[in-house]
2 protein chains.
Amino acid sequence: MAWKLDSERPIYTQIIERVVAGIISGTYQPGEKLPSVRELAAEAAVNPNTMQKALSELERTGLVKSQRTSGRFITEDTGLINSKKSELAKKEIKVFLEKMESMGLDPEEIENYIHEYIKEEEA
Amino acid sequence: MAWKLDSERPIYTQIIERVVAGIISGTYQPGEKLPSVRELAAEAAVNPNTMQKALSELERTGLVKSQRTSGRFITEDTGLINSKKSELAKKEIKVFLEKMESMGLDPEEIENYIHEYIKEEEA
DNA sequence: ATTACTGTACTATACGTATAATACAGCAAG
DNA sequence: CTTGCTGTATTATACGTATAGTACAGTAAT
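Remember, predicted model here, so these are calculated numbers, not experimental data.

**Remarks on helix H3 (residues 48–59) of chain B**
Residues and elements named next belong to chain B.
Moving on, step 1. Given a rise of 1.5 Å per residue, 12 residues ought to cover 16 Å, and the 17 Å separating the end C-alpha atoms of H3 matches this to within 8%.
Moving on, step 2. When H3 is considered as a whole, its buried residues turn out to be Met51, Ala54, Leu55, Leu58 and Glu59. One side of H3 holds all its buried residues, which, seen down the axis, span an arc of 145°.

**Let's talk about the protein's contact with DNA strand C**
Moving on, step 1. Around DNA strand C lies a shell of 21 residues, among which Ile11, Tyr12 and Thr50 of chain A together with Arg68 and Arg72 of chain B are the nearest.
Moving on, step 2. Measuring from a phosphate oxygen of DNA strand C, one finds a side-chain N or O atom of Ser66 of chain B at 3.2 Å.
Moving on, step 3. Arg68 of chain B places a main-chain nitrogen or oxygen 2.6 Å from a sugar or linking oxygen of DNA strand C.
Moving on, step 4. Secondary structure elements with two or more residues in the surface near DNA strand C: helix H1 (11–25) and helix H3 (48–59) of chain A together with helix H2 (37–44) and H3 of chain B.

**Considerations on the interface of chain A and chain B**
Moving on, step 1. Facing 31 residues of chain A, the contacting portion of chain B comprises 30 residues.
Moving on, step 2. Both sides of the chain A and chain B interface together cover about 3000 Å² of buried area, and 73% of this is carbon and sulfur.
Moving on, step 3. Three residues stand out in chain A for area buried against chain B, namely Ile93, Met103 and Tyr117 of chain A, and they jointly supply 22% of the buried area on that side.
Moving on, step 4. Our enumeration of links across chain A and chain B arrives at two salt bridges.

**A word on the domain arrangement of chain A**
Residue and element names in this part refer to chain A.
Moving on, step 1. Split by domain assignment, chain A resolves into domain 1 (11–76) and domain 2 (79–122).
Moving on, step 2. Measuring from the centre of the C-alpha atoms in domain 1 to the corresponding centre in domain 2 gives 27 Å.
Moving on, step 3. Domain 1 puts eight residues into the contact, and the matching count from domain 2 is five residues.
Moving on, step 4. The largest contributions to the domain 1 side of the interface with domain 2 come from Ile24, Thr61 and Leu63, which together make up 65% of the buried area.
Moving on, step 5. Summed over the shared surface of domain 1 and domain 2, the result is zero salt bridges.
Moving on, step 6. Our count for the contact surface shared by domain 1 and domain 2 stands at zero residue pairs in polar contact (both at pLDDT 80 or more).
Moving on, step 7. Of the residues in the side of domain 1 that touches domain 2, the class split is five nonpolar, three polar and no charged.

What counts, and where the lines are drawn
- Residue positions are given per chain, counted from 1 along the sequence in the order it is written.
- Just so you know, chain letters begin at A and ligand numbers begin at 1, following the order they were written in.
- Local features in this predicted model are restricted to residues whose pLDDT is 70 or higher, and side-chain atom pairs enter the listing and the counts only when it is 80 or higher, whereas totals over whole chains, interfaces and linings include all residues.
- Note: side-chain values were computed over all heavy atoms of the structure, leaving out hydrogens and water.
- Put simply, DSSP marks the helices as runs of H or I at least four residues long and the strands as runs of E at least two long, and each gets a number from the N terminus on.
- Every helix has an expected span of 1.5 Å times one less than the residues it contains.
- Each residue is placed in one exposure class: buried if its accessible area under a 1.4 Å probe, protein chains only, is under 20% of its type's maximum, exposed if it is over 50%, and partly exposed if it falls in between.
- Summarising the geometry, the arc corresponds to the directions from the helix axis toward the C-beta atoms.
- Think of it this way: one heavy atom of a residue within 4 Å of a molecule or strand is enough to make that residue near it.
- We define a polar contact as two N or O atoms separated by no more than 3.5 Å, with the added condition that, inside protein, one atom must be a possible hydrogen donor and the other a possible acceptor, whereas residues neighbouring each other in sequence contribute only through side-chain atom pairs.
- Two residues form a contact once any of their heavy atoms are found within 4.5 Å.
- A simple way to read buried area is as the amount of 1.4 Å-probe accessible surface that goes missing from two parts once joined, with both sides added.
- Think of a salt bridge as a Lys or Arg side-chain nitrogen and an Asp or Glu carboxyl oxygen that are within 4 Å of each other.
- Annotation comment: domain bounds sourced from an automatic or database domain assignment.
- We call Asp, Glu, Lys and Arg charged. Ala, Val, Leu, Ile, Met, Phe, Trp, Tyr, Cys and Pro are nonpolar, and the rest, Gly among them, are polar.

Here it is, written out as structure tokens:
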């Protein structure tokens, strides 16, 4: 099925985020071969050029490596993956908390809000 | 001083978010008159057209009203402001949690991460 | 009435992004 | 060797955004 992409932000950026999330969460395993550019483009319902751009950008993080003629592979460096994971998590938390505080919510309020939200979700 | 804007997303969108945050947090009080388009543009170090676009978009939320020749004013409807506040807070939490969960973190882990982060910040 | 301030409107230019349509080099399997 | 798959590169078109420059109608104060 087509990936969930919005038109608010560049598609290639969203693709990068999604693949990174896939690597970090383990959906894509270390050393695993990614589907080809054309396959992924079809799966995401996106132009191959856009997918190509996203994936080539993604290489700069070191999380994937391209083999030119055989395909693209997830890094086997689990240390890199884990460090990216905690790095990203911290960054997301920082951005989130700053946003909430700019709305005038203090940390305690935020924690309560989240706790309530999670409790609701589990119900 | 110039506002903190990045080039990742449309500037007018970021302006809207910032003004909304100002209203929600009380930085801009109900009924208060906003600086003029040109003033705000200068303050944000942005083109007046961009500021104009942001503010006219913002009207659709009802949080501000323009008086055509005298200026723009924050709504006096505190009920509207409060409902927008909780609405936005919930939305931000939802987006945040979804993002974190896409990285393979479960709710408890997330709560701990945040708690740690806030404790560090207060120190 | 003139001056100075509002919001608003319009044209033109520049840039990033997304898509479409091709093309090519390298490798593997038939 | 041919076929079919890789990643990669190139050109053209279209659209949204940002900026620059200019203009105009309505209001208030002088």
